[in-house]
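# Fold and geometry: a report
Read off the chains here:
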Amino acid sequence: MSVEVEWRDYDVVVVGSGGAGSIAARAAAEDGASVLVVSKDPIACSDTKISEGIATVRESGSGDDSEETLSENLRIAGGDLPAQEVTDAFASDSKTAYDTVRQYGLRPEIDADRQGPQSLPLPLGGHTRRRSVGHINSGIAFGHANWQAVVGEARIDYLEDAWFLDLAETNGVVSGGLIYDAARGVLVAVRAPSVVIAAGGLSTLFFPKTDTMRGNTGDSYAIAARAGADLVDMEQIQFLPFCLASPPSYEGLLCGEPVMASFLGVLRDNNGKVILDGVYLRTRAECSSAIMRAVEDGRGSPNGGAFLDMTANKTPPKSGPYFMKFVETVLPSAFRNARQALGKEAATCEIPWEVRPAAHYHMGGIRTDEHCASIGGNDGATMEGVTGLFAAGQAMGGVFGANRLGSTSLTEGAVFGIRSGQAAARHARSKSVADDEVLNGLIERTQARFGQKGDRSATQIKMELQKACWDLIGPVRTAERLDEIDSKLDGWAEELDRVVIPTYGTWNQAFLEYEELRNMLDTARAVAAAARERDGSLGGHVRLDKSEISAFSWPYSTMVRRGDNGQMTARRIERPRTPLRQLISYKLKEAWRKAQVKMLHLMPAEMQDRKLEARYKAIMGAGDKAPEVYPGSPDAAIADGKQA
Amino acid sequence: MKVEIVLTRDGDQQVVSYDYQRREPKERPMVLDVLLQAQATTIPDLAFRYGCRARNCGVCTIDINGKPRIACRARAREGDRLEPVSTLPVLGDLVVRRDGVARQLRGRLPVAAQGNDLNVEAPQAYHELTACIECYACLTGCPMHARNGENADPGAGYEFGNPFSLLKLQRARLDPLGSSQSREQALKSAVELGLSSCVDCPGCKCGVGIDLKNLVVSELLTAAGDRLPEPSDLSEETA
Ligand SMILES: Cc1cc2nc3c(=O)[nH]c(=O)nc-3n(C[C@H](O)[C@H](O)[C@H](O)COP(=O)(O)OP(=O)(O)OC[C@H]3O[C@@H](n4cnc5c(N)ncnc54)[C@H](O)[C@@H]3O)c2cc1C
Ligand code: SF4
Ligand code: SF4
Ligand code: FES
């Protein structure tokens, strides 16, 4: 007997219940649309919930902040890849969208003078203004608000433990989609003119070398690509350099940021040789690539990373104690991970820490306009993409380009959640859904998978794939490796038909794994295609076989589209460049900061100690506590714009 | 290290033994590591929930030797018995159906008044309750939740409450942006969900250490006062 099918009709289907999905659903419902939320994790359980909970709120920390400044900060950090309409939308809505989340119960501390949410004491790296707001209980506070947005609104229907499998699409128009409701063991076929994809990122391609939720299997991108949508900047994956490599239970979790290495911290290879100094001034990408280059060269640490050596900070009699306070307080949750995982000697910085990069966030994603609608087309000639398809949150590409600034992602979820929900509701009002033919085809193919016989397990292929993704499309890449991943992906794609799947409907784990594997394969293919097209290092994309792409060259984004044969083809579209004057001033500041470090190293020990003591005092103020830094952004690298 | 895992497939139960291979000589694995390794080797379609591996997402709760534990932060020991939590219906292996809990709050959650000044500090207790990761460990041993019986339909939302639901309602009562109406509605919901069960109950236990007894239950009981049904009404209701 085949798995049963239930038919439903809605105006808007929202895939995902993280920050972007929950807020999108609520916005669509408030615009009068009938809404179904589909979430494979329990409602609101997502990266948003497990995040550090720091959000960008324009003007929260300084009176001279403006939409222009915020929008420009995003574009410069992103290597000029983001489209200005999109960064402008982010900048214009960041305050109101944050207030919307507050209506669902997010309660920040209040800055009495400014009559608004209290922002962190320093601007996060790359932000030229203080505007990042932290929250008690971190991301969990956002989790409660998102939960309230969905569960507390009777007009929203929701299904949790339900996997959205594919869009129903004909001639570039969406007419709904197919869902596997694992809790009830049925397929749900939904007719809907608008579908919002807010199903998160792809970091699970690199599991266990990631700090994100298990569900980031690239579903957003694969589902959109299979319906013919353009994906943008797919090579741009953000890897955090300092994550744990052992013990196994802690693998991938964050233990530090460049800033934590402080003035004298260095990275060493397995032989104790310094592979990077001035770590605190480096970007994440610089640290990650130094570590991975040592590993490539056979000088990596036992678990395939390097050693972050902060011992020199600790020994000087005057500044040493300040350093210890700094390291304990600057990134409290990361430090807690390090202490639990590496033990007491490491926590007192008497021994170096073994660190290894881990996947954190995907800057690329579904290509959309500033109202989150899928778009296509080439240079200067944007066209409508897949009609009825919208994207928000990590699923949406093009907001951050080559690099995401700290605290911007939670805001991105709210801003584009609202915009996508409203646009989807608007679109639904004008459209009715065509026939059920496409859905029937999807149902038939899906039902046939239950009871599939074979000799492979999707879980095991997933693990082989994860290992290969790390080696071949991870923090460092080469043309050869891209070829190798492609041929491996071809092989696994053929094996999909040999995966064993039992017949029963309720919580069929083998079927779930199969579906996620299918998404991971398509997503990995898109990353590889974009990584080949971008033939130089930029932001989150490091090519060992090519040189750095200069900030002064003409910027372009990569676009990937899936062909009927399942292969991905990539192309470029040009982006406008930030005026040279601004770029040059930015580069000069960076060079000056690096020169200062060199001077520090040349000083006699005693003088150095006194100098450092003064600087720690300046950073930590009277409170003897370092200003907390958002762990999960380029922020912490002082080179990205923070003075210390 | 050998553990026992209780599997349920398509309704049939089976206990299997799994021998964990330490990856480092002195490794002290978490229970989640054991499950991941079992899935990676001999039981590829082993069903269990996890997300963050860091005690934040709240989905990995299972019963370890009969007690609810957060698997990603519980050390595994020789001979452990791993099974789904006993308080919710099993969907497959260690996965239980959770949605009946949240669904019982549909239509019962008060809405914060719109358009009033958002810039008000919430009290400390509001934040203490916001620490809840929705792990449902607190359902174990809760007599109110037990009143739902084994055959209740989660899809409709459970009739009787539990510590989590009370926490959500009390949190709404503490919200400075709430109105007297919304507070009243939250209290009424708590009474309807069976708050009277708490009167003679020794109290609930939270998986992440929130003081449910003082911050939630006592507060609600005090506020409800004589609005709770008499114990005699109660016995009729359950009968
Ligand atoms: C440890 C950590 C700390 C972070 N800290 C910060 C921070 O302080 N500030 C900041 O701005 N950003 C931070 N980030 C990044 C930020 O949390 C995420 O980028 C953001 O929350 C993504 O939101 P989202 O709504 O797009 O996706 P998510 O919140 O990940 O939600 C995705 C949703 O989609 C569902 N889903 C996925 N696939 C399917 C499918 N096929 N069918 C149905 N449902 C599906 C999932 O169940 C989930 O509900 C952090 C990230 C991590 C991992
Ligand atoms: S005090 Fe109330 S909520 Fe807590 S366990 Fe007892 S009956 Fe359940
Ligand atoms: S109250 Fe505690 S035990 Fe209950 S769901 Fe919340 S965190 Fe878990
Ligand atoms: S996996 Fe998230 S709490 Fe255990």
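Residues numbered from 1 in each chain as written. Chains lettered and ligands numbered in written order. Predicted model: local features only at pLDDT ≥ 70, side-chain atom pairs only at ≥ 80, totals over all residues. Heavy atoms only, no water.

### A short note on the sheet that holds strand β16 (residues 274–276) of chain A
Residue and element names in this part refer to chain A. Strand order in the open sheet formed by five strands is β14-β18-β17-β15-β16, and the pairing between neighbours is antiparallel. Each edge of the open sheet carries a strand with a single partner, namely β14 (237–244) and β16. The mean angle between the axes of side-by-side strands here comes to 45°, regardless of whether they run parallel or antiparallel. Taken together, the three bridges between strand β17 (residues 306–309) and strand β18 (residues 353–362) define a ladder with antiparallel strand orientation. What sits directly across from Leu308, in β18, is Trp353. Packed on one face of the sheet, helix α7 (residues 284–296) meets β14, β15 (266–268), β16, β17 and β18 and runs near 65° to β14. (Pairing = 2+ DSSP bridges. Helix = DSSP H or I, 4+ residues; strand = E, 2+ residues; numbered from the N terminus. Axes fitted to C-alpha atoms, helices over the stretch in contact; angles between N-to-C directions. Contact = heavy atoms within 4.5 Å.)

### A word on the confidence of the model for chain A
Any residue range with low pLDDT should be treated as having predicted coordinates unsuitable for detailed reading. For chain A, mean pLDDT is 92; residues scoring 70 or higher make up 96% of the total. Contacts of residues 630–644 of chain A to residues separated by more than four positions or lying in other chains number 75 contacts, the stretch itself having pLDDT below 50. (pLDDT = per-residue confidence, 0-100.)

### A word on the pattern of salt bridges
All names here are of chain A. Scanning all chains against the criterion turns up 65 salt bridges over all chains. A salt bridge links Asp166 to Arg518; the shortest N-O distance between them is 2.8 Å. One end of the pair, Asp166, is in strand β9 (residues 162–170); the other, Arg518, is in helix α16 (residues 509–533), with 352 residues separating them in the sequence. Looking at Asp166, the relative accessible area reads 10%, which means it is buried. Relative accessible area serves as the criterion here: at 18%, Arg518 is assigned to the buried category. A salt bridge links Arg184 to Asp181, with the shortest nitrogen-to-oxygen separation between them at 2.7 Å. Classification of Arg184 by relative accessible area gives partly exposed; the value is 31%. With relative accessibility at 2%, the residue Asp181 sits in the buried group. (Salt bridge = Lys/Arg side-chain N within 4 Å of Asp/Glu carboxyl O. Buried < 20%, exposed > 50% of the residue type's maximum accessible area, 1.4 Å probe, protein only.)

### Here we look at the confidence of the model for chain B
Residue and element names in this part refer to chain B. Considering every residue of chain B, the mean pLDDT works out to 93; 95% of them sit at 70 or more. Below pLDDT 50 for its whole length, residues 235–239 participates in three contacts with residues either more than four positions away or in separate chains. For this predicted complex, the interface confidence reaches an ipTM of 0.96, while the overall pTM sits at 0.94.

### What about the interface of chain B and chain A?
Tallying the contact residues gives 62 residues for chain B and 62 residues for chain A. Between chain B and chain A lies a buried interface of about 5,200 Å² when both sides are counted; carbon and sulfur atoms form 52% of it. For the interface between chain B and chain A, the tally reads two salt bridges. Note that Asp175 of chain B and Arg107 of chain A form a salt bridge whose closest N and O atoms lie 2.8 Å from each other. The interface formed by chain B and chain A includes 26 residue pairs in polar contact (both at pLDDT 80 or more). (Buried area = accessible area lost by both parts, 1.4 Å probe. Polar contact = N/O pair within 3.5 Å; in protein donor to acceptor, adjacent residues only side chain to side chain.)

### Quick word on the site of ligand 1
Residues and elements named next belong to chain A. Neighbouring ligand 1 are 38 residues; Thr48, Ile54, Asp219, Gln394 and Ser409 lie closest to it. Interatomic distance of 3.0 Å between a backbone N/O atom of Ala20 and an oxygen atom of ligand 1. For ligand 1, an oxygen atom lies 3.4 Å from a polar atom in the side chain of Ser39. Put simply, the parts of the chain that give the shell around ligand 1 at least two residues each are α1 (19–30), β3 (35–39), α2 (47–50), β9, β18 and α12 (408–430). Residues belonging to the shell around ligand 1 are distributed by class as follows: 14 nonpolar, 17 polar and seven charged. (Near = heavy atom within 4 Å. Nonpolar A, V, L, I, M, F, W, Y, C, P; charged D, E, K, R; others polar.)

### Remarks on a nonpolar patch on the surface
A grouping of Phe552, Leu580, Ile584 and Leu588 of chain A is seen on the molecular surface, where their side chains present a nonpolar patch of about 360 Å² in accessible area. Positionally, Ile584 of chain A belongs in helix α17 (residues 580–602). (Patch = residues over 30% accessible without salt bridge, like charges linked within 9 Å, V, L, I, M, F, W, Y side chains within 5 Å. Areas by Shrake-Rupley, 256 points an atom, 1.4 Å probe, with all protein chains shown as cover.)

### So, the site of ligand 3
Residues in close proximity to ligand 3 total 13 residues, the closest being Cys132, Cys135, Cys138, Cys206 and Gly207 of chain B. Broken down by class, the residue content of the shell around ligand 3 amounts to 11 nonpolar, one polar and one charged.

### Re the packing of α1 of chain A against helix α5 (residues 138–151) of chain A
All names here are of chain A. Relative to each other, α1 and α5 sit at 30°, their axes nearing to 8 Å. As α1 runs across α5, the sense of the crossing is left-handed. Along its contact with α1, which presents Gly19, Ser22, Ile23 and Arg26, the element α5 presents Asn146, Gln148, Ala149 and Val150. Of the residues in the contact of α1 with α5, the class split is three nonpolar, four polar and one charged. (Left-handed = near helix turned anticlockwise from the far one by under 90°.)

### Points about the sheet that holds strand β3 (residues 61–64) of chain B
Residues and elements named next belong to chain B. Strand order in this open sheet of five strands is β2-β1-β5-β3-β4, and the pairing throughout is mixed. A strand with exactly one partner marks an edge of an open sheet, and here the two such strands are β2 (12–19) and β4 (67–70). Averaged over all neighbouring strand pairs, the angle between strand axes comes to 35°, with direction disregarded. Bridge analysis of β3 against β4 gives four bridges, and the strand direction is antiparallel. Following the sheet pairing, Thr61 is matched in β4 by Ile70. In the packing of helix α1 (residues 31–40) onto the sheet, contacts are made with β1 (2–9), β2, β3 and β5 (81–83), and the angle to β2 comes to roughly 100°.

### Some points on the packing of helix α6 (residues 180–192) of chain B against helix α7 (residues 212–224) of chain B
Residues and elements named next belong to chain B. Where α6 meets α7, the closest approach of the two axes is 10 Å, and the angle between their N-to-C directions is 100°. Looking at the two axes, α6 sits roughly perpendicular to α7. Contact residues: α6 offers Leu187, Ala190 and Val191, while α7 offers Leu220, Ala223 and Ala224. Considering only residue class, the contact of α6 with α7 consists of six nonpolar, no polar and no charged. (Parallel < 35°, antiparallel > 145°, perpendicular 65-115°, else oblique.)

### A closer look at helix α6 (residues 219–226) of chain A
Residue and element names in this part refer to chain A. Summarising burial for α6: eight of the eight residues are buried, a large majority. Burial in α6 covers these residues: Asp219, Ser220, Tyr221, Ala222, Ile223, Ala224, Ala225 and Arg226. Looking one or two places after α6, you find Gly228, whose phi comes out positive at around 95°.

### Quick look at the side chain of Gln37 of chain B
Residue and element names in this part refer to chain B. Within the element layout of this structure, Gln37 appears in helix α1. From its side chain, Gln37 meets the backbone nitrogen of Gln21 in a polar contact 2.9 Å long. If sequence neighbours within four positions are ignored, Gln37 has contacts with Tyr18, Asp19, Tyr20, Gln21 and Arg23.

### Structural notes on the domain arrangement of chain B
All names here are of chain B. The domain boundaries assigned to chain B delineate domain 1 (2–96) and domain 2 (99–238). The centre of domain 1, based on its C-alpha atoms, is set 29 Å off from the matching centre of domain 2. Between domain 1 and domain 2, the residue contacts involve 10 residues of the former and 13 residues of the latter. Taken over both partners, the interface formed by domain 1 and domain 2 buries close to 940 Å², and the fraction arising from carbon and sulfur atoms is 63%. On inspection of domain 1 and its partner domain 2, the count reaches zero salt bridges. One can count two residue pairs in polar contact (both at pLDDT 80 or more) joining domain 1 with domain 2. When its residues are assigned to classes, the side of domain 1 that touches domain 2 shows five nonpolar, four polar and one charged. (Domains from an automatic or database assignment.)

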